[in-house]
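Geometric and topological summary
The residues making up each chain are set out below.
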Amino acid sequence: MGGNSPCASCKLLRRRCAKDCIFAPYFPPDDPHKFAIVHKVFGASNVSKMLQELPVHQRADAVSSLVYEANARVRDPVYGCVGAISFLQNQVSQLQMQLAVAEAEILCIQMQQEPMMPTPQIDPDDKSFLLQNNLPHQYLNFTSSSNNVIHDSLKRESIFGHDMVS
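Residues numbered from 1 in each chain as written. Predicted model: local features only at pLDDT ≥ 70, side-chain atom pairs only at ≥ 80, totals over all residues. Heavy atoms only, no water.

For the protein, the name recorded in an unreviewed UniProt entry is LOB domain-containing protein, with Citrus sinensis as its organism. Recorded under Sequence similarities (unreviewed entry), the UniProt text for the protein is reproduced unchanged: "Belongs to the LOB domain-containing protein family." (UniProt positions renumbered as here; feature names shortened; annotations may be inferred.)

Pasting the structure below:
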């Protein structure tokens, strides 16, 4: 920083803070823990190289990400941020399941409270019901041989070479 107080990184590394110190804008002297944890996880040299490779307008976001990752890595040395993300994804999944159960319960309650609508009895020979409900004409010309179609499809050989239905 070059002024009265060196930045947190220069203070921790016990060196003189130059005017062009790359750490000064991002690690102020009043928050030494921020740099200490980043230095512990990534090392001052690596952080310096990362910041130098980035455009100036992206450095603040990069430092914020490094601090977050370093804190996560200290809390969970094996998984770091990935552990936190995984935990949150599992939590979202559980909450979505709870929401689906609650919605299903609401639907069940609503269906129990609604009066039952009588279902119309359909005469198989009466095609007027199908015409009134605008069903395509192919449904009007069905034959009673649908039972044979099901039986014939089940008669095909299974993957083990035996007849499924005899």
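Another point: the nonpolar core. Ranked by internal contacts, the top residues of the largest apolar core, which has 20 residues, are Cys7, Cys21, Phe23, Phe27, Val38 and Leu51. Contributions of two or more residues to this core are made by helix H1 (8-13), helix H2 (32-42), helix H3 (44-53) and helix H4 (56-75). Setting aside its immediate chain neighbours within four residues, Cys7 contacts Cys17, Cys21, Phe23, Ala24, Phe27 and Pro29. (Core = buried A, V, L, I, M, F, W, Y, C linked by side-chain atoms within 4.5 Å. Buried < 20%, exposed > 50% of the residue type's maximum accessible area, 1.4 Å probe, protein only. Helix = DSSP H or I, 4+ residues; strand = E, 2+ residues; numbered from the N terminus. Contact = heavy atoms within 4.5 Å.)

On the secondary structure map, Arg59 appears in helix H4. Buried Arg59, no salt bridge; nearest opposite-charge side chain is Asp20, N-O distance 9.9 Å. Only 3.2 Å separates the side chain of Arg59 from the backbone oxygen of Leu54, close enough to count as a polar contact. When near neighbours in sequence (up to four residues on either side) are disregarded, Arg59 contacts Ile22, Tyr26, Leu51, Gln52 and Leu54. (Lys, Arg positive; Asp, Glu negative; His and termini not counted. Salt bridge = Lys/Arg side-chain N within 4 Å of Asp/Glu carboxyl O. Polar contact = N/O pair within 3.5 Å; in protein donor to acceptor, adjacent residues only side chain to side chain.)

All right, on to a nonpolar patch on the surface then. Together, Val78, Tyr79 and Val82 make up a nonpolar patch on the protein surface, roughly 340 Å² of accessible area in all. Structurally, Val82 can be placed in helix H5 (residues 81-113). Look at Val82 and you get exposed, because its relative accessible area is 54%. (Patch = residues over 30% accessible without salt bridge, like charges linked within 9 Å, V, L, I, M, F, W, Y side chains within 5 Å. Areas by Shrake-Rupley, 256 points an atom, 1.4 Å probe, with all protein chains shown as cover.)

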